[in-house]
Amino acid sequence: MKTPPESLTDRPEYSVGSRRVADQSDVLSHLLTLVRLRGELVYSAELSGQFAGSFAAGPSHLLFIEHGSVWVTPVGLEPILLKAGDLVLLPHGKGHLIADRATGRATGGDMLGSPAFDPDRLVIRVGDGAGSEVRCIGATFRFEEHPLPPVVTGLPILIHIRDDGGKVPDWLQHMVHFLMLEAREPRPGSALMISRTIDLLVIRTLRSWADLYPDEAGWLGGLGDARIGRVLNALHAEPAVQWTLAGLADLAGMSRSAFAERFSASVGEAPMRYLTRWRLTVADQLISAGAASVGTAGRAAGYQSEAGFSRAYKAHFGQSPKVAKPRQ
């Protein structure tokens, strides 16, 4: 089993200013493997004149503004103006309001359960027909894992991807229109296609947010704290190493207590707990892909015995790895 050297910073690949274990985009990809979700519904919204409508707490939402502008007010936050080409992600599903003005107030219940929603054409029509027209495409989804990983719980209530001078990125334009096509012209397999495409759209949104606004995205974005980022790089590149708190603190160039406090504040959980979660995620990915036996997956994740790995896996996922079935 691999063990770390006495001083990790003596290793060239961990040295500041030289080659890093894994670049930030690789670590971000690893982090996003923790995000498992199920797409539920795609809808369009045609809004005009004076309008206001609410979406109930429950599912998470994506909203893309095709034309016009609209105010969105998440529960507990101030209104934010969205313009054509903007994309917002509301990952926590706390409910939100859309309106033609910042002071708009909705009456009634959830728009997706109201007479304004046509379930056959998957369209919401609200407004008095006068004034500017607004067109949006929305999607709802739910995260599957409970408890949710810190990469999700640490997200803000609203993530805003601003338009690029009126130019909608090709990936976004293609994905949202493909979603509406599948939703409005269902064929065998459409439900799965919609769910998977929403999954990809959410992941791509998070990645774009991290790339475009690293200061807003915090540790998810650029692993902006150089010392904590160096440790995350190492953990994700080599989960099988028998890391210790002292070794990780050494890698960060900090005392154990200062490192543990800083890591927990940046990432949302203690370093060794985070390592356990990542190791189990690595092993689960191997098992679910049918790429490794239980013993091999456990060893790849740094567990010295299959029994110890099985206990940890069951405590985290609620079932033995031997009964876990490969996911399609």
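Residue numbers restart at each chain and count upward from 1, following the sequence in its written direction. Reporting in this predicted model follows two pLDDT cut-offs: at least 70 for local features of residues, and 80 or more for side-chain atom pairs to be given and counted; totals over whole chains, interfaces and linings ignore these cut-offs and use all residues. Heavy atoms throughout the structure, all of them, feed into the side-chain values; hydrogens and water do not.

J.: Can you break down the pattern of salt bridges residue by residue, with the values?
T.: Side chains that differ in sign of charge can pair as their charged atoms come close. When a carboxyl oxygen of Asp or Glu is within 4 Å of a side-chain nitrogen of Lys or Arg, the pair counts as a salt bridge. Summed over all chains, the structure comprises 9 salt bridges. Two residues, Arg187 and Glu182, come together in a salt bridge whose shortest N-O distance is 3.0 Å. Type-normalised accessible area, obtained with a 1.4 Å probe on protein chains alone, sets the label of each residue: buried when under 20%, exposed when over 50%, and partly exposed for intermediate values. Judged by relative accessible area, Arg187 falls into the partly exposed class, the value being 49%. Owing to a relative accessible area of 7%, Glu182 belongs among the buried residues under this scheme.

J.: A description of the packing of aromatic side chains should follow, citing residues and the corresponding values.
T.: In this analysis, rings of Phe, Tyr and Trp, with Trp reduced to its six-membered ring, are considered paired at centre separations within 6.5 Å, and the interplanar angle assigns stacked below 30 degrees, edge-to-face beyond 60, and tilted for intermediate values. A complete count under the given rule lists 7 aromatic pairs for this structure. Both rings, one in Phe263 and one in Tyr274, keep their centres 5.7 Å apart while their planes meet at 70 degrees; by these two values the pair is edge-to-face. Separated by 11 residues along the polypeptide, Phe263 in helix H8 (residues 256–267) and Tyr274 in helix H9 (residues 271–288) bring together distant segments of the chain. In terms of burial, Phe263 and Tyr274 fall into one category: buried. What links up through ring pairs into an aromatic cluster is the set Tyr303, Phe309, Tyr313 and Phe317. Secondary structure elements are taken from DSSP: a helix is a run of H or I of four residues or more, a strand is a run of E of two residues or more, and numbering for both begins at the N terminus.

J.: Explain the side chain of Asp86 to me, using residue names and the numbers behind them.
T.: Structurally, Asp86 can be placed in the loop between strand E5 (80–83) and strand E6 (87–90). Charge assignment in this entry is limited to Lys and Arg as positive and Asp and Glu as negative, and neither His nor the chain termini are counted. Buried charge without a salt bridge: Asp86, with Arg162 as the nearest opposite-charge side chain at an N-O distance of 6.7 Å. Definition of a polar contact: a pair of N or O atoms within 3.5 Å, with one able to donate and the other able to accept a hydrogen when the atoms are protein atoms, and with sequence-neighbouring residues admitted only if both atoms are side-chain atoms. A polar contact of 2.7 Å, which involves the side chain of Asp86, links it to the backbone nitrogen of Asp163.

J.: Go over the pairing of strand E9 (residues 123–127) with me, naming the residues and quoting the values.
T.: Strands qualify as paired when DSSP identifies two bridges or more between them. Relative to E9, strand E1 (residues 37–48) runs parallel, the two being bridged by 5 bridges. Directly across from Ser48, in E9, lies its bridge partner Gly127. As defined by bridge partners, strand E8 (residues 117–118) adjoins E9 across 2 bridges and the pair is classed as antiparallel. Looking at the pairing, Asp118 lines up with Val123 of E9. Joining the antiparallel neighbours E8 and E9 is a turn of 4 residues, in which Leu122 adopts a positive phi near 55 degrees.

That's the geometry; what it means functionally is another story.
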